[in-house]
Amino acid sequence: MVSELAAAALYRACDPQNFAFTTTAELPYTPMIIGQERAVEAIHFGLDIQSPGFNVFVMGPTGTGRRSILSRIVHEQAAQAPTPRDWVYVNHFADPATPRAISLPPGRGSELRADMERFSSGLMDRLLQAFDTDQYAAAREALEQQFRETQQSELVAVDNACRERGFALVRSPSGLYISPVRDGELLTPEAFSQLQVGDRASIEQNLNQLEDMLASAMRRWRELERRTQAEIEHLDREVANFTVSPLVQELREKYADEAEVQEYLDEVLRDIVDNVDIFRSAGEGDAEDDNSGSLLDIPLNQRYRVNLLVDNVQLQGAPVVIEDVPTYDKLFGRIEYDIRRGATITDYTLIRPGALHRANGGYLILDAEALMDEPYVWAGLKRALFGGLIRIESPDGQQLVRSVTPIPEPIPLQVKVILRGSPYIYYALYAYDEDFAKLFKVLADFDAEMDRTPESEYTYIQFVRALCEDENLLPFTREAVARVIEYGARLAECQDRLSTQFGLIADLVREAAYWAKKQHHPAVQHSDVLESLRQQKRRVSLSEEYTLRAIAEGRHVIVTSGASVGQINGLTVVTLGGYTYGIPSRITARAYVGRGNVLDIQREVQLSGPIHGKGLLTLVGYFGGQYGIDGSLSMEASLSFEQTYEDIDGDSASCAELYVLISAVAQVPLRQDLAVTGAVDQHGLVLPIGKVNEKIEGFFDVCQRRGLTGTQGVLIPARNVKDLMLREDVVAAVQAGQFHVYAVETVDEGLSLLTGLPAGVRDETGQFTEGSVHARVAARLKQFAERAKPEKDSDDDPPDETEPEECRSTSGDFAVAGL
C-alpha cells in the first residue's frame, strides 16, 4: 500500500539539547582520527610487518582524509623507529667510473664530509712545506750529487781514453760524439779521406773501440739516472707518507669503529703517496687544476672530498618522505654535469639523491596516479623493491654521454612504500600487473561514511573543536554543530549514516566561521551554517537557475497539474563539477499495432548509456511477463525523454518509463502533479535509487515557482526512505500539506496513485480485476492483436526482405528495438 510520508520521516534532525556545552570552546582539544577504523588498522598492520612485499596501498574517495590520516599515522610510527645510517659517495681511486658508497651512523656522514674538507684544504700546503725543508733539499741534493759525480767520473775515463789514442770527446747540441784529432784540430771528413789506407784503418778501429766505450758509459749513466730517480721518488714518497700519515691516522682513530671508512682512509693515503709528484707539480704551477685529460679524473681540490648523499643528523626516528611528483630523477637520484675547460664533465661529487635514498630505512609515500604518468618510474620502483638496491642510472639503460658517466655503487634498500590512489588505479594494477600483488599486499580502504550514533556525532563535535583550534576559527554553538552533523548525514545520503569526507565538512566549518565573523557573532550560530550552505549553492547553481527559468517560462515543457495519457514527470540529476541538482524530465510514450518492439529514442540516437538500456530491458521483461502469458504482444511503442539533449544513463527512470508505457497502452491518464523516480525489477518490485534528495527537491523547486497546489508530490521507492535528508523548505511544505512524498514498494502501488484506479490482480481464471489498469492494458492489447491478425494469417505476403532480420517478429515476441 502506498505510504504518504510525514514530515518527520523526511529529515532526521540532530537535537542540540543532547550536547552538554554552549560552545565548542568549552571542550578539550583532542585531535583524533574519525570513522576509519578498518583503514587505520590496515595501515598499522602494513607499517608494522617487516616481511617482504607488505607495502601498503591506500585508497578511498577524495576528502576522506587519506592524506592527512596516513601522514599522521606514518609520522607517529616513524618517530618510534630507529634513525637509519647516513650514506656518502667517495672517490674510487682505482676506478673513478665506479664511485664507492659508504654508510655511517646518523650524523657521522656530515662529520666525515667536514673532516675530509679540512683534510683536502690543507693537504697541498702541508706537502709543499714538507718538500721545502733543508733536510729534504739536502737529501735530494745528495742523491743528485752522487749521480753527477758518478757520471763525471765515467765521462773523464772516456775522455782520457780518447786523448791517449788521439781522439777528442766532443759535446754538441745533439749529444756527445768522438772525433779523431790532427795537430790539435778535429779531423774533417775531407782530411780523413786523404790519409793513407793504413792510417784510416787504424783510426776507424780505435774509433769503434772508443764509441763502444762511450755507449757502455751512457748505458751506465741511464741506469744510474733511473736508480737515482727511483731513489728520489722513494724519498718523495717517504716525505709524503711522513707528512700525511699523522693526518690520516687522526681520522682513522676518530672513525675506528667504521671498517669502510678505515679502508677508504688507507686508500686516500696510498693515493696521495702514489701521486705526490702531481701535488708537487700543481704546487709549483706546472699543471692545470685537472691532473689529466681524462673526463672522469677529479681535480685535486675535490679528489678527497666526500659527497654526503643522505644526512640524517636532524632526524628523530625514521624518515618519512612524501613525493607528489615522482619523476625518475626525483625518485632514484641523478648524476649532474659540469663544464670544465669547455668540456662536459661529471664525477662522484655530482651524484644527487632521490626520494628512495632519503626514505631508506623509513617510509616513502607516493601518489599512484602520478607514478603511472611518469615513463619508466613504475618499472624502476619494482626493480628496486624486488632487488633491494637503489641504482642511479639512466631509466632506459642508455647514458647521456656513455664515456664519461660514472656508475655509482648501488645502495641497499630497506623502505616501506605507501601508495595513495583511487580504487580504479588499484584494481587496474591488480588485474594487469602480476607484480603488483607481490609488492603491495596490504590494502587500506578508506570509507566515505560511518554509522550515525551518539558516539559518532560526538566525534563530529571533536573534529569541529580541533579545526577551530588549529585554524583559529570562531567556536561553534551546539546548535551550529548540530546543523553540521545534519549536513554530514545529507552528504552520506542516509539518516543513519554520517559522511567521513571531512574535507567537505571542514570547508563548511570554515565558511560558517567566515559568515559569523562578518556578522560580528562571538560564536558561529545555526544561522551562519545555513548562510554558508546557501552561499555555497548560490556560487555553483547558475546552470540550475537557467533550467528552472526555462521551465517557468514554458520553453522547457514540464506539466505540474492535471492528468495526461502517455506522459509522466520523471526525475533526473545533473552533476556539473562538484554540484549535483535534480530536475524533472517529461517522459512520453506512444503505443500502436506492431510486432512487439519498444523503440527507445534515446538509444536510437546514441544518447543513453548501458545501464539505462538494462533498465529498459527489465521493464520490457516485466511488461511481457505481466501481459504476454496469453499470447504474443502485437504492439509497438516508443519512449522518449523530451527536450533532453545530453547523454542519460542509469535505471532510476525505469519505473516512470513503465508507468508511461502502461498509460499509453491502456489509454489511462496519469497525474501530472506527481513526479516519479525508482528502478524496477521484472516482477514489479520498486528498487532504490541514488540522489533521492536532489530529485525530490528538483521537482519541488519547479512546483514552488509555479505555486504549490497542495496536491503535488513525488513517488519514491520505499527502500529510499532512510536516505531522506531534505531541505528545510521542503519539509515545511510537507508539514503544511502543500507538498507530498509517497513511498511505494511495488509498481501496482504507484499505478493506483498515479491513475486513481486499482492496479488489478488476476483471479482464478487468469483475468484481471474488472476496471483495473491491468485489465485495460490487457483489453487494449487484445484489440491490437485482433487488428494485427489478418496480417499474421496471410501466407501470401512474404516478409519484407529490406527489413533487417533482427527487427522482424514472426512470433510476436516483445523486444526493445535497437538493443
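Residues numbered from 1 in each chain as written. Predicted model: local features only at pLDDT ≥ 70, side-chain atom pairs only at ≥ 80, totals over all residues. Heavy atoms only, no water.

Points about the overall build of the chain
Along its length, the chain carries 26 helices and 32 strands. Projected onto its principal axes, the C-alpha coordinates of the chain cover approximately 160 × 85 × 50 Å. Looking at the 819 residues of the chain, the share that counts as buried comes to 49%. Residue pairs in contact within the chain that sit at least 24 positions apart in sequence constitute 78% of those at least 6 positions apart. Put simply, the chain shows about 39,700 Å² of open surface, and 50% of that area lies on carbon and sulfur atoms. Here the chain contributes 80 positively and 124 negatively charged side chains, and the mean placements of these two sets differ by 2 Å. (Helix = DSSP H or I, 4+ residues; strand = E, 2+ residues; numbered from the N terminus. Buried < 20%, exposed > 50% of the residue type's maximum accessible area, 1.4 Å probe, protein only. Contact = heavy atoms within 4.5 Å. Areas by Shrake-Rupley, 256 points an atom, 1.4 Å probe, with all protein chains shown as cover. Lys, Arg positive; Asp, Glu negative; His and termini not counted. Charge placed at Lys NZ, Arg CZ, Asp CG, Glu CD.)

Here we look at the packing of helix α23 (residues 692–706) against helix α24 (residues 728–735)
Orientation of α23 relative to α24, taken along the N-to-C sense of each, is 70°, at an axis distance of 10 Å. One element, α23, and the other, α24, form an angle in the roughly perpendicular class. For α23 against α24, the interelement crossing comes out left-handed. Residues Ile696, Glu697, Phe700 and Gln704 of α23 touch α24, and the partners they reach there are Asp729, Val730 and Ala733. Counted by class, the contact of α23 with α24 contains four nonpolar, one polar and two charged residues. (Axes fitted to C-alpha atoms, helices over the stretch in contact; angles between N-to-C directions. Parallel < 35°, antiparallel > 145°, perpendicular 65-115°, else oblique. Left-handed = near helix turned anticlockwise from the far one by under 90°. Nonpolar A, V, L, I, M, F, W, Y, C, P; charged D, E, K, R; others polar.)

A few points about the environment of Asp115
Within the secondary structure layout, Asp115 lies in helix α3 (residues 108–130). The class of Asp115 is buried, set by a relative accessible area of 7%. Separated by 136 residues in sequence, Asp115 and Leu251 place their C-alpha atoms 7.8 Å apart. If we skip the residues at most four places from it in the chain, Asp115 touches Leu251, Lys254 and Tyr255. A polar side-chain atom of Asp115 sits 2.3 Å from a polar atom in the side chain of Arg118. (Polar contact = N/O pair within 3.5 Å; in protein donor to acceptor, adjacent residues only side chain to side chain.)

Side note on the sheet that holds strand β4 (residues 100–104)
Read across the open sheet, the three strands follow the order β4-β3-β8; overall the sheet is antiparallel. Because the sheet does not close on itself, it has two edges, and the strands there are β4 and β8 (307–310). Going across the sheet, the axis of each strand differs from the next one's by a mean of 30°, ignoring polarity. Relative to β4, strand β3 (residues 86–90) is paired through five bridges, and the arrangement is antiparallel. Of the residues in β4, the one forming a bridge with Asp86 is Leu104. Contacting β3, β4 and β8, α3 runs over the sheet at an angle of about 30° to β3. Across the face of the sheet, helix α7 (residues 259–274) comes into contact with β3 and β4 while running at roughly 135° to β4. (Pairing = 2+ DSSP bridges.)

Brief notes about the environment of Gly333
By secondary structure assignment, the location of Gly333 is in the loop between α9 (328–332) and β10 (334–335). For the pair Gly333 and Arg352, spaced 19 residues apart in sequence, the C-alpha to C-alpha distance is 5.5 Å. Residues within four places of Gly333 in sequence aside, it is in contact with Tyr328, Arg352, Pro353, Gly354, His357 and Ile392.

Notes on unusual backbone geometry
Of note in this structure, Glu493 is not a glycine but carries a positive phi near 55°. Summarising the element assignment, Glu493 is placed in the loop between α16 (478–492) and β20 (497–499). Residue Glu493 is classed as partly exposed on the basis of its relative accessible area, which comes to 24%. Despite not being glycine, Gln606 shows a phi value in the positive range, around 60°.

Things to note about the sheet that holds strand β5 (residues 167–172)
Where strands meet in a sheet, backbone hydrogen bonds hold them as pairs that are either parallel or antiparallel. Pairing is antiparallel in the open sheet, where three strands are placed in the order β5-β6-β7. Looking at which strands have only one partner, the edges of the open sheet turn out to be β5 and β7 (185–186). Of the pairings in the sheet, the one linking strand β6 (residues 175–182) to β7 comprises two bridges and is antiparallel in character. For Val181, the partnering residue across the bridge sits in β7 and is Leu186.

Re the pairing of strand β18 (residues 442–445)
Along β18, the buried face is formed by Val442 and Ala444; none of Leu443 and Asp445, which line the opposite face, is buried. Sheet analysis places strand β2 (residues 56–59) next to β18, joined by four bridges and oriented parallel. Paired with Met59 across the bridge in β18 is Asp445.

A word on the nonpolar core
Residues Phe476, Val529, Ile696 and Phe739 are the most contacted members of the largest nonpolar core, which totals 58 residues. Listed by contribution, the elements that provide at least two residues to this core are α15 (454–470), α16, α17 (502–518), α18 (526–540), α23, β30 (713–717), α24 and β31 (740–744). A per-element tally of this core places α17 first, with eight residues. In this structure, Leu633, Val744, Ala759 and Leu781 belong to the second largest nonpolar core, which totals 48 residues. (Core = buried A, V, L, I, M, F, W, Y, C linked by side-chain atoms within 4.5 Å.)

Focus: a nonpolar patch on the surface
On the surface, Leu599, Ile601 and Val605 cluster together into a nonpolar patch covering about 210 Å² of accessible area. With respect to the helices and strands, the residue Leu599 is situated in strand β24 (residues 597–600). For Leu599, a relative accessible area of 30% puts it in the partly exposed group. (Patch = residues over 30% accessible without salt bridge, like charges linked within 9 Å, V, L, I, M, F, W, Y side chains within 5 Å. Salt bridge = Lys/Arg side-chain N within 4 Å of Asp/Glu carboxyl O.)

Regarding the side chain of Ser179
Locating Ser179 in the fold gives a position in strand β6. With relative accessibility at 8%, the residue Ser179 sits in the buried group.

Topic: the pattern of salt bridges
For the coordinates displayed, the defined rule picks out 50 salt bridges. Note that Asp433 is salt-bridged to Lys382, the shortest N-O span being 3.0 Å. Of this pair, Asp433 sits in the loop between α13 (423–432) and α14 (436–439) while Lys382 sits in helix α12 (residues 377–387), and the two are 51 residues apart along the sequence. Lys382 shares its class with Asp433; the two are buried. Residues joined by salt bridges that share partners form a network here, namely Arg490, Glu694, Glu697, Asp701, Arg727 and Asp729.

Remarks on the packing of aromatic side chains
Tallying each qualifying case throughout the model produces 25 aromatic pairs. Relative to Phe54, the ring of Phe45 lies with its centre 6.1 Å away and its plane at 85°, an arrangement referred to as edge-to-face. A centroid spacing of 4.9 Å and a plane angle of 85° characterise the contact between Phe131 and Tyr136, whose relative ring orientation is edge-to-face. Each member of the pair Phe131 and Tyr136 is classed as buried. Counting every residue linked through ring pairs, the aromatic cluster contains Phe57, Trp378, Tyr426, Tyr427, Tyr430, Phe436 and Phe440. (Phe/Tyr/Trp six-rings, centres within 6.5 Å; stacked < 30°, edge-to-face > 60°.)

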